[in-house]
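Take a look at the letters that make up each chain.
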Amino acid sequence: IFLLILYSSVSFSEKIIEGKAIIIDGDTIHVDKNKIRLHGIDAPEIEQTCKIEDKIWNCGIESSTNLKKLIGKKNIKCEVNDIDRYKRYVAECYVNKININQYMVRQGWAIAYRYYSILYIEDEEMAKKHKLGIWEGEFVEPYLFRKNNK
């Protein structure tokens, strides 16, 4: 059993997916037929809104738009480290040498998903300090938004 677990984790860490990405939302992409969830981050859902003072804005669309701007039509490279319960690959992805997961958190378009990883907490703190992206105003954490809108 131990060897089976070890082998399956090794095979995930060695799986590389490369190609052009289709952006689904701020933390989910498709490369060819591969559905990929960006590891360690949680971005607002497409239909999610946020608030700056009394103004409501669609932060979910804005998060997705910023991911599209970063990637554009460039090839990306994803290093798979897991498969989630929805059968999506969970991966760290790169465009050129930019870590897409880290970029989304550092720019304030996603939060560090502490339930699964502690990788991007410092990046989140930086975005929060500088009031970038969703940190400019008020928002419901994406996982709570999903839970409350089932």
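See above for the structure.
Residues numbered from 1 in each chain as written. Predicted model: local features only at pLDDT ≥ 70, side-chain atom pairs only at ≥ 80, totals over all residues. Heavy atoms only, no water.

What to know about helix H2 (residues 59-71)
Every α-helical turn comprises 3.6 residues, leaving residues that sit three or four positions apart pointing alike.
Alright, step 1. A rise of 1.5 Å per residue sets the reference length of H2, with its 13 residues, at 18 Å; its end C-alpha atoms lie 18 Å apart and thus fit the reference within 8%.
Alright, step 2. Buried within H2 are the following residues: Cys59, Gly60, Ser63, Ser64, Asn66, Leu67, Leu70 and Ile71. Taken around the axis of H2, the buried residues stretch over an arc of 160°, which confines them to a single face.
Alright, step 3. A distance of 3.2 Å separates the backbone nitrogen of Gly60 from a side-chain oxygen at the start of H2, and that oxygen is part of Asn58. (Helix = DSSP H or I, 4+ residues; strand = E, 2+ residues; numbered from the N terminus. Expected span 1.5 Å × (residues − 1). Buried < 20%, exposed > 50% of the residue type's maximum accessible area, 1.4 Å probe, protein only. Arc of directions from axis to C-beta. Polar contact = N/O pair within 3.5 Å; in protein donor to acceptor, adjacent residues only side chain to side chain.)

Concerning the packing of aromatic side chains
Alright, step 1. For the structure on display, the rule yields five aromatic pairs.
Alright, step 2. Ring plane angle 20° and centroid distance 6.2 Å describe the contact between Tyr113 and Tyr143, whose orientation is recorded as stacked. Linking Tyr113 in the loop between strand S10 (111-112) and helix H4 (121-129) with Tyr143 in helix H5 (residues 142-148), this pair joins segments that are 30 residues apart in sequence.
Alright, step 3. Among the residues examined, Tyr113 registers a relative accessible area of 14% and is labelled buried.
Alright, step 4. Under the relative-accessibility criterion, Tyr143 is labelled partly exposed at 36%.
Alright, step 5. When the ring of Tyr115 is compared with that of Tyr116, the centres are 4.8 Å apart and the planes differ by 85°; the resulting orientation is edge-to-face.
Alright, step 6. For Tyr115, a relative accessible area of 68% puts it in the exposed group. (Phe/Tyr/Trp six-rings, centres within 6.5 Å; stacked < 30°, edge-to-face > 60°.)

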